[in-house]
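# Structure at a glance
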Amino acid sequence: MERYLDLDNDSGVVAYEIGETYIRVKFSGTHQVYTYSYRSAGANRVEEMKRLAESGDGLNSYIMKYAKKLYE
C-alpha cells in the first residue's frame with residue numbers, strides 16, 4: 001500500500017492501493033483495509049477516490065460523504 005500524503009493533516013486515511021477497477025483504503029486506528037470497487041461503489045465514485053488518493057487531499061471527506069458503506 002502507498003502512504004496517503006494528507007496534505008492538510010486532517011484525514012482518517014493513512015494508506016491506499018489502486019487497482020484497475022478498485023481502490024483499497026486503510027484508515028487510522030484500524031487494521032482493516034476497505035475495498036471500494038466498481039461493483040460495490042460504482043465506477044465514477046471509485047475513479048474520483050483514485051484521483052483524490054493520488055492528489056493527497058480530500059479522500060476521507062469524499063468517502064464519508066459519498067461511499068461510506070459501499071465497500072465490498
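Look a little higher up for the structure.
This is a predicted model, so every value here is computed, not measured.

Turning our eyes to something else, we now look at the environment of Ala15. With respect to the helices, strands and loops of the structure, Ala15 is situated in strand β2 (residues 13-18). In contact with Ala15, other than residues within four places in its own chain, are Met1, Glu2, Arg3, Tyr4, Arg24, Val25 and Lys26.

Turning our eyes to something else, we now look at helix α2 (residues 43-55). End to end, α2 covers 18 Å across 13 residues, agreeing with the expected 18 Å (1.5 Å per residue, within 8%). Buried residues of α2: Val46, Met49, Lys50, Leu52 and Ala53, and no others. Against β2, β3 (22-27), β4 (33-37), α1 (38-41) and α3 (59-67) lie the buried residues of α2. Positive backbone phi, at 80 degrees, marks Gly56, one or two positions downstream of α2.

What follows covers the nonpolar core. Ranked by size, the top nonpolar core spans 17 residues in total, and within it Ile23, Val25, Phe27, Tyr36, Met49, Leu59 and Ile63 carry the most contacts. Put simply, the parts of the chain that give this core at least two residues each are β2, β3, β4, α2 and α3.

Further remarks concern the packing of aromatic side chains. A full pass over the atoms with the stated rule returns five aromatic pairs. Between Tyr4 and Tyr16, the ring centres sit 6.4 Å apart and the planes meet at 85 degrees, which makes this aromatic pair edge-to-face. Of this pair, Tyr4 sits in the loop between β1 (2-3) and β2 while Tyr16 sits in strand β2, placing them 12 residues apart in sequence. In terms of burial, Tyr4 and Tyr16 fall into one category: buried. Between Tyr36 and Tyr71 the ring centres are 6.2 Å apart and the planes differ by 90 degrees, which places this aromatic pair in the edge-to-face class. Here Tyr36, found in strand β4, pairs with Tyr71, found in the segment after α3; they are 35 residues apart in sequence, far enough to count as distant. Its relative accessible area of 1% is what places Tyr36 among the buried residues. Through pairs of rings, three or more aromatic residues link up here, namely Phe27, Tyr34, Tyr36 and Tyr71.

Conventions we followed
- Residues numbered from 1 in each chain as written.
- Predicted model: local features only at pLDDT ≥ 70, side-chain atom pairs only at ≥ 80, totals over all residues.
- Heavy atoms only, no water.
- Helix = DSSP H or I, 4+ residues; strand = E, 2+ residues; numbered from the N terminus.
- Contact = heavy atoms within 4.5 Å.
- Expected span 1.5 Å × (residues − 1).
- Buried < 20%, exposed > 50% of the residue type's maximum accessible area, 1.4 Å probe, protein only.
- Core = buried A, V, L, I, M, F, W, Y, C linked by side-chain atoms within 4.5 Å.
- Phe/Tyr/Trp six-rings, centres within 6.5 Å; stacked < 30°, edge-to-face > 60°.

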